[in-house]
Amino acid sequence: MQNIATLWTTLDPRKRIVIALAVIAMFAAVIGLTRMAATPSLTLLYAGLESGPAGEVVRALEQRGVVYEVRGGAIFVDSAQRDTLRMTLASEGLPTNSSQGYELLDSLSGFGTTSQMFDAAYWRAKEGELARTIVANPAIVAARVHIANSGSNPFQRDIRPTASVMITSNGGDVPAKHAQALKFLVASAVAGLTADDVSVIDSAGGLIGAAEEAPSNLGEDRADVMRHRVQRLLEARVGPGNSVVEISVDTVKTTEMIREKTIDPESRVAISIDTEERTNSASDQGGGDVTVASNLPDGDAAGADSSSSQTNETRERVNYEVSQTEREITQSPGAVKRLTVAVLVNGTITTAADGTETFAPRDDAEMEALRDLVASAVGFDETRGDVITLKSLQFEPLAVLGTSAEPSFIASLGLDVMSLLQALVLGIVALVLGLFVIKPILAPARRPQPAALSAPNPAQAGSGAGGDQAVAALTGEIDESDMDTDNLPVISDRTTRRSENDAGDDAVARLRNMIGERQEETVEVLRTWLEGEEETVQ
């Protein structure tokens, strides 16, 4: 600590500020790394909830001590606990549906409640109950029901109630059959409402289950369905990739109405028989004179000849009904006119003992059995002109393109790549601050090496004590390479002191002369020494 305090006092204010900022940045990087390591990876739990159900979910999470985060209208929790929390909250009935049902009628009292208010509350409760029933489907997340009731006005005629249903699916599309079921559900709950008067709309704004005209590509769609059936049937026998199926469906493109009436004269049936019998009788008596006696009852009349006749007539009438047949045929677009099926089946390959492969087409019995299966699958009708072509030929091998998709090593470990990248970036920042900012500041300052004096000019060297001899550049050090220190003579102390004094005086004189000759170089040397001493004192 003493060395650190001493080093801190020797730094100038600019270096102190740099060190303080670097230390703060390092602490921030370390705190960020720690927070990232301690904070779990959050994922979406619920979204699109209203205020009431969202508050209940948040309260349940706080009671369990679960770390959560609210972003806008969404709630995020730890990805490792998301599925468990969803099942646990669902068991408690969370999140609750915000729509209210018949409990709305409980708040109505007899005083101050008009018939219009009660009717409005009743239909609102009806809509809420239907929405609850629809949301009970696992494939539907949210639902809203709107019923347009005609009311009880007796002066209104020919007004039918209608309804609309808005649903939000759980990620996938709602099939048309589910939409039809919802229509019948709403229609059955409202008196006088039919399923045709109910509209079902999904979250994307599309109408589901609406009656549509026959599309122009109906034949192609039907051919795809048949191709899938035949392909699945053949692969069960010949194996995947050993069969190719192509189906062409010729459909009716126009609407055609045919009326046919057939009469069979041979097939007659008597439906009624009328028999009529007629008898006529006639008599004729001979003529005579008319007297009084002939008019009397008992009188004698004159005798005469007489004749009589009788006729019998029988008539029979039989009514027959002739057999006749009347047919009215309407062909709408999409009816199949002709069906053509082409099937190509790969043969069998036999490998011999020496490794050679031999191709052999499938036998006729097997091909005939496959043809019967194909005919049954597509609904073959010979009278309609359908054709099935089934052949067994050798397939050409196809090279596999591309590579198989395999999970990476990081994905197999289950690590969050983004979290690792963030931690790596923060680590690099902390390392750079430590190596390139703090370490150079805390390292001891290097003393600058004294610059060597350049050799004097020959003109200036000639005027010195050395005469014409060139003087080498001064470096402040004594060159002992030419001195024989082992053979130096031994002299007395006095002689040595006198010699040292004489040598000292001679050296001082030479130094003075040299300073006078090299003033600029001398000033540079002194300046270098002074700067080195100042740094040492600091």
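The name an unreviewed UniProt entry assigns to the protein chain is Flagellar M-ring protein, from the organism Pelagivirga sediminicola. In UniProt, the protein chain has this text filed under Function (unreviewed entry): "The M ring may be actively involved in energy transduction." Turning to the protein chain, the UniProt record has this under Sequence similarities (unreviewed entry): "Belongs to the FliF family."

Draft legend 1. Broad picture of the overall build of the protein chain. The helix and strand inventory of the protein chain stands at 14 helices and 14 strands. Within the protein chain, the proportion of its 538 residues that are buried is 18%. Here the analysis covers contacts within the protein chain between residues at least 6 apart in sequence; of these, 70% occur between residues at least 24 apart. Accessible surface, the protein chain as shown: approximately 39,600 Å² in total, 54% of it carbon and sulfur.

Draft legend 2. Highlighting the sheet that holds strand S4 (residues 140-148). Ordered by their spatial adjacency, four strands build an open sheet running S4-S5-S6-S7, and the pairing between neighbours is mixed. Looking along the sheet, the strands with just one partner apiece sit at the ends: S4 and strand S7 (207-208). Taken strand by strand, helix H5 (residues 115-135) contacts S4 and strand S5 (162-169), and its axis lies near 150 degrees from that of S4. Relative to the sheet, helix H6 (residues 176-189) contacts S4, S5, strand S6 (198-201) and S7, its axis offset from that of S6 by approximately 135 degrees.

Draft legend 3. The packing of aromatic side chains, seen in detail. For the structure shown, the criterion picks out one aromatic pair. Each ring, one from Tyr122 and one from Trp123, has its centre 5.4 Å from the other, and the planes form 75 degrees; the classification is edge-to-face. By relative accessible area, Tyr122 is classed as partly exposed at 28%. It is Arg71 that lies over the ring of Phe76; its NZ or CZ is 4.3 Å from the centre.

Draft legend 4. Focus on the pattern of salt bridges. Per the stated rule, a full pass over the model turns up 15 salt bridges. Among the salt bridges present, the one from Arg278 reaches Glu276, with a minimum N-O distance of 3.2 Å. Here the salt bridges do not stand alone but share partners, grouping Asp224, Arg227 and Glu246 into one network.

Draft legend 5. Representation of the pairing of S6. Residues Val198 and Val200 line the buried face of S6, whereas the alternating positions Ser199 and Ile201 sit on a face that is not buried. Bridge analysis of S5 against S6 gives four bridges, and the strand direction is parallel. When the sheet's bridge partners are listed, Met166 is paired in S6 with Ile201. Judged from the two bridges that link them, S6 and S7 form a sheet pairing that is antiparallel. Across the sheet, Val200 pairs through a bridge with Ile208, a residue of S7.

Draft legend 6. Local environment of helix H9 (residues 364-378). An ideal rise of 1.5 Å per residue puts 21 Å on 15 residues; H9 measures up with 21 Å between its terminal C-alpha atoms. Within the span of H9, buried status applies to Glu366, Met367, Leu370, Val374, Ala375 and Val378. Where H9 terminates, the next one or two residues include Gly379, which has phi positive at roughly 75 degrees.

Draft legend 7. Broad picture of the nonpolar core. Core analysis: the largest hydrophobic core is formed by 21 residues, its most contacted members being Ile134, Val165 and Ile167. Of all the secondary-structure elements, those providing two or more residues to this core are H5, S4, S5, H6 and S6. Setting aside anything within four residues of it in sequence, one finds Ile134 in contact with Ile140, Ala143, Val145, Val165, Ile167, Leu182 and Leu185. Grouped together as the second largest cluster of nonpolar side chains are 19 residues, Val245, Val341, Met367 and Ala375 included.

Draft legend 8. Here's a closer look at the pairing of strand S8 (residues 243-251). Across the two faces of S8 the burial differs, with Ser243, Val245, Ile247, Val249 and Thr251 buried and Val244, Glu246, Ser248 and Asp250 not buried at all. As paired elements, S8 and strand S11 (residues 336-346) share nine bridges and run antiparallel to each other. By the bridge assignment for S11, Thr251 is matched with Val336.

Draft legend 9. Looking closely at the confidence of the model for the protein chain. On average, residues of the protein chain score 75 in pLDDT, and 69% of them reach the 70 mark or higher. No element of the protein chain has a lower mean pLDDT than helix H12 (residues 458-462), at 48, and none a higher one than H9, at 92. The low-confidence segment residues 460-471, where pLDDT is below 50, has 12 contacts with residues more than four positions distant or belonging to other chains.

Draft legend 10. Layout of the sheet that holds S11. Strand order in the open sheet formed by three strands is S8-S11-S14, with mixed pairing between adjacent strands. Across the chains shown, the open sheet's two edge strands, defined by having one partner strand only, are S8 and strand S14 (387-393). Neighbour-to-neighbour, the strand axes of this sheet turn through a mean angle of 10 degrees, independent of strand direction. In this structure, S11 lies alongside S14, joined through seven bridges in parallel fashion. By the bridge assignment, Val341 is partnered in S14 with Ile388. Across the sheet, H9 touches S8, S11 and S14, and the angle it forms with S14 is around 140 degrees.

Draft legend 11. Local environment of the side chain of Asp197. By the element assignment, Asp197 lies in the loop between H6 and S6. When its relative accessible area of 13% is taken as the criterion, Asp197 is described as buried. A polar contact is formed between the side chain of Asp197 and the side chain of Arg160, at a distance of 3.5 Å. Residues contacting Asp197, with those up to four places away along its chain left out, are Arg160, Pro161, Thr162 and Ala163.

Draft legend 12. Spatial organisation of the packing of H5 against H6. The contact between H5 and H6 brings their axes to 11 Å, and the two run at 150 degrees. With respect to each other, H5 and H6 are oriented roughly antiparallel. As H5 runs across H6, the sense of the crossing is right-handed. Here Lys126, Leu130, Thr133 and Ile134 of H5 come into contact with H6, specifically with Leu182, Leu185, Val186 and Ala189. Here the residues of the contact of H5 with H6 are counted per class, giving six nonpolar, one polar and one charged.

Draft legend 13. Region of the structure containing the packing of helix H3 (residues 51-64) against helix H4 (residues 82-91). The contact between H3 and H4 brings their axes to 12 Å, and the two run at 115 degrees. On the basis of their axis angle, the class for H3 and H4 is roughly perpendicular. When the axes of H3 and H4 are compared, the crossing they make is right-handed. For the pair formed by H3 and H4, the contact residues are Val57, Ala60, Leu61 and Arg64 on the first element and Leu85, Thr88 and Leu89 on the second. Among the residues forming the contact of H3 with H4, the class breakdown is five nonpolar, one polar and one charged.

About the criteria used
Residues numbered from 1 in each chain as written. Predicted model: local features only at pLDDT ≥ 70, side-chain atom pairs only at ≥ 80, totals over all residues. Heavy atoms only, no water. UniProt positions renumbered as here; feature names shortened; annotations may be inferred. Helix = DSSP H or I, 4+ residues; strand = E, 2+ residues; numbered from the N terminus. Buried < 20%, exposed > 50% of the residue type's maximum accessible area, 1.4 Å probe, protein only. Contact = heavy atoms within 4.5 Å. Areas by Shrake-Rupley, 256 points an atom, 1.4 Å probe, with all protein chains shown as cover. Pairing = 2+ DSSP bridges. Axes fitted to C-alpha atoms, helices over the stretch in contact; angles between N-to-C directions. Phe/Tyr/Trp six-rings, centres within 6.5 Å; stacked < 30°, edge-to-face > 60°. Lys NZ or Arg CZ within 6 Å of the ring centre and 35° of its normal. Salt bridge = Lys/Arg side-chain N within 4 Å of Asp/Glu carboxyl O. Expected span 1.5 Å × (residues − 1). Core = buried A, V, L, I, M, F, W, Y, C linked by side-chain atoms within 4.5 Å. pLDDT = per-residue confidence, 0-100. Polar contact = N/O pair within 3.5 Å; in protein donor to acceptor, adjacent residues only side chain to side chain. Parallel < 35°, antiparallel > 145°, perpendicular 65-115°, else oblique. Left-handed = near helix turned anticlockwise from the far one by under 90°. Nonpolar A, V, L, I, M, F, W, Y, C, P; charged D, E, K, R; others polar.

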